[in-house]
Amino acid sequence: MEELLARCAPSDGIHHSICWMTAMEGVRVCEFDCTFPADWERPGLSPGHFEMLFCQRGRMTAHWADGRTLPLCGREILLLSSTPEMERFHWSEEAMKGVLVAVDSVLARKSLQQICGLLGGPELDAGQVRQLMERQRGCAVLERTAWSDGVFQAIQSLTPEQRRQYCVWKVAEVLYLLCCGGILRCKAPEIYYDRHQVGRV
(Lines give C-alpha, C1' and ligand atoms only; values in the text may rest on other atoms or scores of the structure.)
Protein backbone atom coordinates (compact mmCIF):
# COMPACT_ATOMS: atom_id res chain seq x y z
CA MET A 1 0.00 0.00 0.00
CA GLU A 2 2.98 2.32 0.43
CA GLU A 3 3.43 2.28 -3.34
CA LEU A 4 -0.26 2.97 -3.94
CA LEU A 5 -0.43 5.83 -1.43
CA ALA A 6 2.70 7.38 -2.92
CA ARG A 7 0.86 7.62 -6.26
CA CYS A 8 -2.33 9.14 -4.81
CA ALA A 9 -2.80 12.86 -5.27
CA PRO A 10 -5.73 15.31 -5.17
CA SER A 11 -7.63 15.15 -8.46
CA ASP A 12 -11.05 15.89 -9.88
CA GLY A 13 -12.12 17.62 -6.70
CA ILE A 14 -11.77 14.44 -4.60
CA HIS A 15 -10.59 15.14 -1.09
CA HIS A 16 -7.28 13.52 -0.24
CA SER A 17 -5.38 13.90 3.00
CA ILE A 18 -2.05 12.07 2.95
CA CYS A 19 0.83 12.81 5.31
CA TRP A 20 4.14 10.92 5.40
CA MET A 21 6.84 10.84 8.05
CA THR A 22 9.98 8.79 8.71
CA ALA A 23 9.72 7.39 12.22
CA MET A 24 13.15 5.72 12.35
CA GLU A 25 15.58 4.06 9.98
CA GLY A 26 13.64 1.70 7.74
CA VAL A 27 10.20 2.74 9.03
CA ARG A 28 7.87 5.15 7.22
CA VAL A 29 4.41 6.14 8.43
CA CYS A 30 1.53 7.48 6.37
CA GLU A 31 -1.67 8.87 7.84
CA PHE A 32 -4.35 9.17 5.18
CA ASP A 33 -8.01 9.85 4.48
CA CYS A 34 -8.69 9.28 0.79
CA THR A 35 -10.39 7.23 -1.90
CA PHE A 36 -8.54 4.55 -3.84
CA PRO A 37 -9.04 3.10 -7.31
CA ALA A 38 -11.66 0.36 -7.12
CA ASP A 39 -9.08 -2.36 -7.73
CA TRP A 40 -5.36 -2.66 -7.19
CA GLU A 41 -4.22 -5.47 -9.48
CA ARG A 42 -1.37 -7.79 -8.54
CA PRO A 43 -0.36 -6.06 -5.31
CA GLY A 44 3.10 -7.15 -4.30
CA LEU A 45 5.82 -6.22 -1.85
CA SER A 46 9.51 -6.84 -2.23
CA PRO A 47 11.05 -9.52 0.03
CA GLY A 48 11.86 -8.09 3.45
CA HIS A 49 9.20 -5.39 3.15
CA PHE A 50 6.34 -5.48 5.64
CA GLU A 51 3.30 -3.23 6.12
CA MET A 52 0.70 -2.85 8.82
CA LEU A 53 -2.47 -0.84 8.30
CA PHE A 54 -4.57 0.46 11.19
CA CYS A 55 -7.90 0.96 9.42
CA GLN A 56 -10.06 3.55 11.17
CA ARG A 57 -12.77 3.74 8.50
CA GLY A 58 -13.58 2.10 5.18
CA ARG A 59 -13.59 -1.38 3.72
CA MET A 60 -11.26 -3.37 1.52
CA THR A 61 -11.24 -6.99 0.36
CA ALA A 62 -8.16 -9.00 -0.60
CA HIS A 63 -8.66 -11.54 -3.39
CA TRP A 64 -6.47 -14.54 -4.13
CA ALA A 65 -6.37 -16.27 -7.50
CA ASP A 66 -8.00 -19.42 -6.09
CA GLY A 67 -11.15 -17.52 -5.05
CA ARG A 68 -10.32 -16.95 -1.39
CA THR A 69 -11.13 -13.50 -0.03
CA LEU A 70 -10.30 -11.63 3.15
CA PRO A 71 -12.28 -8.52 4.15
CA LEU A 72 -10.87 -5.61 6.13
CA CYS A 73 -13.28 -3.26 7.94
CA GLY A 74 -12.98 -0.20 10.14
CA ARG A 75 -11.19 -0.71 13.49
CA GLU A 76 -9.29 -3.71 12.15
CA ILE A 77 -5.56 -4.23 11.55
CA LEU A 78 -4.12 -5.54 8.28
CA LEU A 79 -0.71 -7.21 8.00
CA LEU A 80 0.84 -7.39 4.54
CA SER A 81 4.08 -8.94 3.29
CA SER A 82 5.24 -10.48 0.02
CA THR A 83 2.08 -11.58 -1.83
CA PRO A 84 2.95 -13.57 -4.98
CA GLU A 85 -0.44 -15.35 -4.95
CA MET A 86 -2.52 -12.21 -4.40
CA GLU A 87 -4.68 -11.28 -7.36
CA ARG A 88 -6.07 -7.90 -6.29
CA PHE A 89 -7.37 -5.62 -3.56
CA HIS A 90 -10.86 -4.19 -3.97
CA TRP A 91 -11.93 -1.02 -2.14
CA SER A 92 -15.44 0.13 -1.36
CA GLU A 93 -16.53 3.48 -2.76
CA GLU A 94 -16.28 5.29 0.56
CA ALA A 95 -13.04 6.96 1.55
CA MET A 96 -10.67 4.96 3.70
CA LYS A 97 -9.01 6.49 6.75
CA GLY A 98 -6.12 4.99 8.63
CA VAL A 99 -2.44 4.85 9.47
CA LEU A 100 -0.03 2.76 7.40
CA VAL A 101 3.34 1.73 8.81
CA ALA A 102 5.78 0.47 6.15
CA VAL A 103 8.84 -1.41 7.39
CA ASP A 104 12.06 -2.45 5.68
CA SER A 105 12.88 -5.38 7.96
CA VAL A 106 16.62 -5.22 7.26
CA LEU A 107 17.07 -1.50 7.94
CA ALA A 108 14.60 -1.42 10.84
CA ARG A 109 15.58 -4.67 12.55
CA LYS A 110 17.82 -3.12 15.21
CA SER A 111 15.31 -0.38 16.09
CA LEU A 112 12.40 -2.83 16.38
CA GLN A 113 14.53 -5.18 18.48
CA GLN A 114 15.22 -2.32 20.88
CA ILE A 115 11.52 -1.49 21.18
CA CYS A 116 10.64 -5.15 21.77
CA GLY A 117 13.43 -5.32 24.34
CA LEU A 118 11.60 -2.73 26.42
CA LEU A 119 8.67 -5.16 26.63
CA GLY A 120 10.86 -7.97 28.00
CA GLY A 121 10.44 -11.63 27.07
CA PRO A 122 11.44 -13.13 23.72
CA GLU A 123 13.44 -11.27 21.11
CA LEU A 124 11.75 -10.35 17.86
CA ASP A 125 12.03 -13.47 15.70
CA ALA A 126 11.83 -12.26 12.09
CA GLY A 127 11.85 -15.85 10.84
CA GLN A 128 8.84 -16.74 12.99
CA VAL A 129 6.92 -13.71 11.75
CA ARG A 130 7.84 -14.57 8.15
CA GLN A 131 6.57 -18.14 8.60
CA LEU A 132 3.30 -16.87 10.05
CA MET A 133 2.79 -14.55 7.07
CA GLU A 134 3.62 -17.38 4.68
CA ARG A 135 0.89 -19.47 6.31
CA GLN A 136 -1.45 -16.50 5.78
CA ARG A 137 -0.27 -16.27 2.17
CA GLY A 138 1.15 -12.80 2.65
CA CYS A 139 -1.98 -11.06 3.93
CA ALA A 140 -3.68 -11.26 7.32
CA VAL A 141 -6.31 -9.37 9.31
CA LEU A 142 -6.18 -9.62 13.08
CA GLU A 143 -9.35 -10.75 14.79
CA ARG A 144 -11.01 -7.87 16.59
CA THR A 145 -10.43 -8.04 20.35
CA ALA A 146 -10.57 -5.81 23.42
CA TRP A 147 -6.86 -5.17 22.79
CA SER A 148 -7.42 -3.89 19.23
CA ASP A 149 -10.47 -1.85 20.33
CA GLY A 150 -8.21 -0.20 22.90
CA VAL A 151 -5.68 0.64 20.19
CA PHE A 152 -8.28 2.45 18.07
CA GLN A 153 -9.74 4.20 21.11
CA ALA A 154 -6.29 5.58 21.90
CA ILE A 155 -5.70 6.62 18.28
CA GLN A 156 -8.77 8.86 18.38
CA SER A 157 -7.52 10.84 21.35
CA LEU A 158 -3.98 11.56 20.09
CA THR A 159 -2.59 14.39 17.99
CA PRO A 160 -1.55 13.46 14.42
CA GLU A 161 2.16 13.26 15.32
CA GLN A 162 1.44 11.24 18.47
CA ARG A 163 -0.87 8.97 16.48
CA ARG A 164 1.84 8.09 13.96
CA GLN A 165 4.43 7.43 16.67
CA TYR A 166 1.92 5.34 18.63
CA CYS A 167 1.22 3.14 15.60
CA VAL A 168 4.94 2.43 15.19
CA TRP A 169 5.01 1.32 18.81
CA LYS A 170 1.98 -0.90 18.18
CA VAL A 171 3.67 -2.50 15.15
CA ALA A 172 6.49 -3.60 17.43
CA GLU A 173 3.96 -4.81 20.00
CA VAL A 174 2.01 -6.83 17.39
CA LEU A 175 5.21 -8.49 16.17
CA TYR A 176 6.18 -9.20 19.77
CA LEU A 177 2.79 -10.76 20.56
CA LEU A 178 2.86 -12.83 17.37
CA CYS A 179 6.26 -14.19 18.42
CA CYS A 180 4.82 -15.04 21.86
CA GLY A 181 2.22 -17.19 20.08
CA GLY A 182 -1.52 -17.60 20.56
CA ILE A 183 -2.25 -14.13 21.92
CA LEU A 184 -3.31 -12.52 18.65
CA ARG A 185 -5.25 -14.51 16.07
CA CYS A 186 -5.84 -13.89 12.38
CA LYS A 187 -9.22 -14.01 10.63
CA ALA A 188 -9.73 -17.00 8.34
CA PRO A 189 -10.12 -16.20 4.62
CA GLU A 190 -13.53 -16.75 3.06
CA ILE A 191 -14.17 -18.98 0.06
CA TYR A 192 -15.96 -17.38 -2.86
CA TYR A 193 -17.72 -19.64 -5.35
CA ASP A 194 -18.80 -18.23 -8.69
CA ARG A 195 -22.28 -19.65 -9.37
CA HIS A 196 -21.43 -20.19 -13.05
CA GLN A 197 -18.35 -22.21 -12.11
CA VAL A 198 -20.39 -24.21 -9.59
CA GLY A 199 -23.03 -24.86 -12.22
CA ARG A 200 -20.46 -26.27 -14.64
CA VAL A 201 -19.07 -28.54 -11.90
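Residues numbered from 1 in each chain as written. Predicted model: local features only at pLDDT ≥ 70, side-chain atom pairs only at ≥ 80, totals over all residues. Heavy atoms only, no water.

**Considering the sheet that holds strand β10 (residues 139-141)**
Then step 1. The antiparallel open sheet is built from six strands, whose spatial order is β1-β2-β9-β4-β7-β10. Only two strands of the sheet have a single partner each, and these edge strands are β1 (17-24) and β10. On average, adjacent strands in this sheet sit at an angle of 15° to one another, irrespective of strand direction.
Then step 2. Pairing geometry for strand β7 (residues 76-80) and β10, over three bridges, is antiparallel. Pairing of L79 across the sheet is with A140, part of β10. (Pairing = 2+ DSSP bridges. Helix = DSSP H or I, 4+ residues; strand = E, 2+ residues; numbered from the N terminus. Axes fitted to C-alpha atoms, helices over the stretch in contact; angles between N-to-C directions.)

**So, the nonpolar core**
Then step 1. In this structure, M52, F54, L79, V101 and V103 are the most contacted members of the largest nonpolar core, which totals 35 residues.
Then step 2. Every element with two or more residues in this core is listed here: β2 (27-34), β4 (49-57), β7, β9 (96-104), α2 (105-119), α3 (126-135), α4 (146-157) and α5 (160-180).
Then step 3. Every residue in contact with F54, bar those within four places of it in the chain, is listed here: E76, I77, K97, G98, V99, V101, V151, F152, I155, C167, K170 and V171.
Then step 4. Core analysis: the second largest hydrophobic core is formed by 26 residues, M1, W40, L53 and L80 among them. (Core = buried A, V, L, I, M, F, W, Y, C linked by side-chain atoms within 4.5 Å. Buried < 20%, exposed > 50% of the residue type's maximum accessible area, 1.4 Å probe, protein only. Contact = heavy atoms within 4.5 Å.)

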